[in-house]
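Given next are the chains, with one letter for each unit.
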Amino acid sequence: MSTPKAEKTPEQWQDDALSSILSVTLDGSNTKRQGRRCLTAVANELREEGMSALITKTTMERVLVARLEPDEVSASGIGVFDYLLGSWRAVRIVIENLSGAKGKALDASVRESRIGVLRDMQALLVSYMGLTLQVPDMFARVGRPGQRIIIDALLAESVENDSNKAVVPELLAELIKRFAEDGLPEVLTPIISELGLRSLARSNRSLLQPGFRKLLEALEVLTAHGEIAQAFVHMATFDPEECSGRRMQTGTALGIFLGFSAFPSSDESIVQTYYADAPERSPLDCEALHAGLRNTVQFLQSALFQICDRLVRAGVEERAKLTSFTLRVLATNARRSGMQADATKVVDDGFADNLASVWLRLSEPFTNDAQLRRIA
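Criteria and thresholds
- Residues numbered from 1 in each chain as written.
- Predicted model: local features only at pLDDT ≥ 70, side-chain atom pairs only at ≥ 80, totals over all residues.
- Heavy atoms only, no water.
- Core = buried A, V, L, I, M, F, W, Y, C linked by side-chain atoms within 4.5 Å.
- Buried < 20%, exposed > 50% of the residue type's maximum accessible area, 1.4 Å probe, protein only.
- Contact = heavy atoms within 4.5 Å.
- Axes fitted to C-alpha atoms, helices over the stretch in contact; angles between N-to-C directions.
- Helix = DSSP H or I, 4+ residues; strand = E, 2+ residues; numbered from the N terminus.
- Parallel < 35°, antiparallel > 145°, perpendicular 65-115°, else oblique.
- Nonpolar A, V, L, I, M, F, W, Y, C, P; charged D, E, K, R; others polar.
- 1 Å grid on protein atoms, 1.4 Å probe; cavity = no way out; pocket = protein on both sides within 12 Å on 5 of 7 lines; lining within 4 Å.
- Points joined across faces, edges and corners; volume = space filled by probe spheres on them.
- Phe/Tyr/Trp six-rings, centres within 6.5 Å; stacked < 30°, edge-to-face > 60°.
- Lys NZ or Arg CZ within 6 Å of the ring centre and 35° of its normal.
- Expected span 1.5 Å × (residues − 1).
- Arc of directions from axis to C-beta.

Engineer: Would you take a moment to explain the nonpolar core for this structure?
Structural biologist: In terms of nonpolar packing, the biggest core is built from 101 residues, with Leu64, Phe232 and Leu254 touching the most fellow members. Filtering out sequence-adjacent residues up to four positions away, leucine 254 remains in contact with Phe232, Phe238, Ile307, Cys308, Leu311, Leu322 and Phe325.

Engineer: Sorry, what's going on with the packing of helix H16 (residues 283-313) against helix H17 (residues 316-332) here?
Structural biologist: The packing of two helices is summarised by the inter-axis angle and the distance between the axes. At a closest axis distance of 6 Å, the pairing of H16 and H17 adopts a crossing angle of 130°. Regarding the angle of H16 to H17, the classification is oblique. Contacts between H16 and H17 involve Cys308, Leu311 and Val312 on the former and, on the latter, Glu318, Arg319 and Leu322. Among the residues forming the contact of H16 with H17, the class breakdown is four nonpolar, no polar and two charged.

Engineer: Can you help me understand empty space enclosed by the protein in this one?
Structural biologist: Sizing a probe to match a water molecule and rolling it over the atoms shows the empty space that remains. A full pass over the atoms with the stated rule returns one cavity of 30 Å³ or more. Counted as a void, the largest cavity has a volume near 50 Å³. Lining the largest cavity are Leu172, Leu175, Ile176, Leu184, Val187, Leu188, Ile191 and Ile228. Elements with a contribution of two residues or more to the lining of the largest cavity: helix H8 (168-179) and helix H9 (184-200). A per-element tally of the lining of the largest cavity places H9 first, with four residues. For the lining of the largest cavity, the class distribution of residues is eight nonpolar, no polar and no charged.

Engineer: Could you clarify how one ought to interpret the packing of aromatic side chains in this entry?
Structural biologist: Aromatic rings in a pair are described by how distant their centres are and how their planes are angled relative to each other. Counted according to the given criterion, the structure contains five aromatic pairs. Their ring planes at 80° and their centres at 6.0 Å tell us that phenylalanine 212 and phenylalanine 299 sit as a pair that is edge-to-face. A residue pair is termed long-range when its members are at least 10 positions apart, and phenylalanine 212 in helix H11 (residues 211-223) and phenylalanine 299 in helix H16 qualify at 87 residues. With a relative accessible area of 0%, phenylalanine 212 lands in the buried category. Of the residues examined, phenylalanine 299 reaches a relative accessible area of 22% and is grouped as partly exposed. For the pair phenylalanine 232 and phenylalanine 238, a centre-to-centre distance of 5.9 Å together with 80° between the ring planes defines the contact as edge-to-face. Summarising the burial analysis for this pair, phenylalanine 232 and phenylalanine 238 share the class buried. Of the aromatic side chains, those joined through ring pairs into one cluster are Phe212, Phe257, Phe260 and Phe299. Looking at arginine 205, its charged tip hangs above the ring of phenylalanine 260, at a distance of 4.5 Å from the centre.

Engineer: Sorry, what's going on with the layout of surface pockets here?
Structural biologist: What the largest pocket holds in volume is close to 450 Å³. Lining the largest pocket are 18 residues; nearest its centre among them are Arg202, Arg205, Ser206, Ser266 and Asp267. When residues of the lining of the largest pocket are traced back to their parent elements, those giving at least two are helix H10 (202-205), helix H13 (247-250) and helix H15 (268-275). Here the residues of the lining of the largest pocket sort into four nonpolar, eight polar and six charged. In this model, the second largest pocket occupies a volume close to 310 Å³. Considering the residues around the second largest pocket, the lining is formed by Lys8, Gln12, Asp15, Asp16, Ser20, Asp27, Asn30, Lys32, Arg33, Arg36, Ala53 and Leu54.

Engineer: Before we go on, may I ask you to explain unusual backbone geometry in this structure?
Structural biologist: Apart from glycine, the bulk of residues carry a negative phi angle, and the bulk of peptide bonds sit in the trans form. In this model, serine 23 sits at a positive phi of 55°, which is unusual for a non-glycine residue. Mapped onto the secondary structure, serine 23 falls in the loop between helix H1 (10-22) and strand S1 (24-25). On the basis of relative accessibility, which here comes to 33%, the residue serine 23 falls in the partly exposed class.

Engineer: When you look at the environment of leucine 197 in this model, what are you seeing that I'm missing?
Structural biologist: Structurally, leucine 197 can be placed in helix H9. By relative accessible area, leucine 197 is classed as exposed at 57%. For the pair leucine 197 and isoleucine 256, spaced 59 residues apart in sequence, the C-alpha separation works out to 8.7 Å.

Engineer: Would you mind going over the environment of isoleucine 192 with me for this structure?
Structural biologist: Considering the arrangement of structural elements, one finds isoleucine 192 in helix H9. With relative accessibility at 2%, the residue isoleucine 192 sits in the buried group. Placed 45 residues apart in sequence, isoleucine 192 and threonine 237 show a C-alpha to C-alpha distance of 9.1 Å. Not counting residues up to four positions away in its chain, the partners in contact with isoleucine 192 are Leu219, Leu222, Phe232, Met235 and Ala253.

Engineer: I'm lost on H17 in this one. Help?
Structural biologist: Because an α-helix packs 3.6 residues into every turn, residues spaced three or four apart end up facing the same way. For H17, which comprises 17 residues, the first-to-last C-alpha distance of 24 Å matches the rise-based estimate of 24 Å (1.5 Å per residue) to within 8%. Turning to H17, its buried residues number three or more, namely Glu318, Leu322, Phe325, Thr326 and Val329. Along the long axis of H17, the arc covered by the buried residues comes to 95°, so they all point the same way. Residues of H17 that are exposed and angled more than 90 degrees away from the buried face: Val316, Leu327, Leu330 and Ala331.

Engineer: Mind showing me how you'd approach the packing of helix H6 (residues 108-134) against H8 here?
Structural biologist: Where H6 meets H8, the axes come as close as 10 Å, and the angle between the chain directions of the two elements is 85°. Compared by their axis directions, H6 and H8 come out roughly perpendicular. Where H6 abuts H8, its residues Gln122, Val126, Ser127, Met129, Gly130, Leu131 and Gln134 lie against Glu170, Leu171, Glu174, Leu175, Arg178 and Phe179. When its residues are assigned to classes, the contact of H6 with H8 shows six nonpolar, four polar and three charged.

Next comes the structure, spelled out in structure tokens:
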């Protein structure tokens, strides 16, 4: 007659679950945990302190910090953010299992206790993912940084192209919840900067290529979160003092996107595509080409308006910051009105046209009000 298996203590269950989630172990002799990083130093420290060498609610942050040490990260070959994101995805699965049919066999109090520990682990992982974005120098620079992972997922065509695409919306929601009152602009800055860098790539600047649409759609996805729209204008890169003139277009978080343009001075390929053989084209062909270009510009300016409208609606202070940014653009680009303006020192025609389009639409609620009720 077989002996019934002894029921695990809460600490033993936590050790098993957290070891699997974090892919580490404090017991190198456990054959069931082969392939996991063995954190011998942490195990020895715990024993010296008279504690069991188990990964529990009490020790999990200590274990996580040890796993994020440069030597461990380098030895594993997995980037810090990639590792944290993978662990976060793993803990989500365990929580889903316990909350569903697999957890119904457990006593309700046991199930809730286990889920509580896992949610603490989940929150801890989110905190450290945010820290890698806020203070990247704290961690080993191995693999893709967090901002690149997030933007890669947002720009991916489908989950088949990037499995993180399915979970990034939830991750963003958790980062917002965790850092809303604790440095969300600093968490957001590298993400927006990464998107801006992609936007400056030559292959993405032309309105004739699909790249610019994906970039604008990614920015729309981000600013659809009210907290991100609010944090956006508080980023150090939104309206830095050192930027003026042309740099308002190339060196500010919003200016990079306002710089998308269908003007030939910004994109010579438009001339080649639309006008190289214009004399040979029929009037109908020419009009069709122009209509296609107009539709592209309308998409661009509509997307820019949606983004700026969210910034305006984020709050009174945020509205003031967007207005201040616009006034600085105007003040530091006054030379645009000159007869021989140096194009390298002022924003280009596309930027100016886009900014004007945005503000004309933002002004519609009161410019279309003949009684001026919105102003009174």
